[in-house]
Amino acid sequence: GVTAHLINEKVDNGQILDCRRFPILPEDSVESLLARTHLKLLEQFLDVIAGIARAGRQYIDVELSRSEGERWVGQARRMAELERLKDIDPDVDRSELERVVRATYHSDYPPRVNLHGYVFELVSPYRSDA
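Just so it is clear, the model here is predicted, and its values are computed rather than measured.

Undergrad: Account for the overall build of the protein chain, naming residues and giving values.
TA: Counting secondary structure elements, the protein chain contains four helices and five strands. In sequence order, the secondary structure elements of the protein chain are arranged as β-β-α-α-α-β-α-β-β. Since a compact globule built from 130 residues should have a radius of gyration of about 14 Å, the 19 Å found for the protein chain marks it as more spread out than a globular shape. Judged by the C-alpha coordinates and their principal axes, the protein chain covers about 60 × 35 × 20 Å. A buried classification covers 23% of the 130 residues belonging to the protein chain. Here the analysis covers contacts within the protein chain between residues at least 6 apart in sequence; of these, 48% occur between residues at least 24 apart. As displayed, the protein chain has an accessible area near 10,000 Å², and 55% of this comes from carbon and sulfur atoms. Mean positive and mean negative side-chain charge positions of the protein chain (18 and 23 charges, respectively) differ by 4 Å.

Below is the structure:
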């Protein structure tokens, strides 16, 4: 989902204005999910900006009240933590490898295996001859 919130000194921690959830489909890849996320973010951005332009602080107060039950779940992640998600254990079994690839593959940030100082990155999880 996507979340609009007030900014404070912490990452992903401010009071929530609006939360919009959508399903992760069985056929989703990281790239298709990101594309859908970006569309939802744009819709949310336009709605929030229009609301602020129309009603200012009153809009913010109403949205904060409406979203009072929403809570941040989990901790915000650092980029180094996300980067480590791409590292695949060379001893991984096939089903775990397929799960990791599905959960992490993006053409700009592919999963990788490090063997004896050599890094191998996945070019594409989709075979053209399949």
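Undergrad: Talk me through the side chain of Ser67; I want residue IDs and the actual numbers.
TA: Relative to the assigned elements, Ser67 resides in the loop between helix H2 (57-66) and helix H3 (79-85). Residue classification places Ser67 among the buried positions, given a relative accessible area of 8%. Polar contacts involving the side chain of Ser67 include one to the main-chain carbonyl oxygen of Leu17, which spans 2.6 Å. When sequence neighbours within four positions are dropped, the list of residues in contact with Ser67 reads Ile16, Leu17 and Asp18.

Undergrad: I'd like a description of unusual backbone geometry, backed by residues and values.
TA: Positive phi values are uncommon outside glycine, yet His116 reaches one of about 55°. Structurally, His116 can be placed in the loop between strand S4 (112-115) and strand S5 (118-121).

How each quantity is defined
Residues numbered from 1 in each chain as written. Predicted model: local features only at pLDDT ≥ 70, side-chain atom pairs only at ≥ 80, totals over all residues. Heavy atoms only, no water. Helix = DSSP H or I, 4+ residues; strand = E, 2+ residues; numbered from the N terminus. Rg over C-alpha atoms; globule rule 2.2 N^0.38 Å. Buried < 20%, exposed > 50% of the residue type's maximum accessible area, 1.4 Å probe, protein only. Contact = heavy atoms within 4.5 Å. Areas by Shrake-Rupley, 256 points an atom, 1.4 Å probe, with all protein chains shown as cover. Lys, Arg positive; Asp, Glu negative; His and termini not counted. Charge placed at Lys NZ, Arg CZ, Asp CG, Glu CD. Polar contact = N/O pair within 3.5 Å; in protein donor to acceptor, adjacent residues only side chain to side chain.

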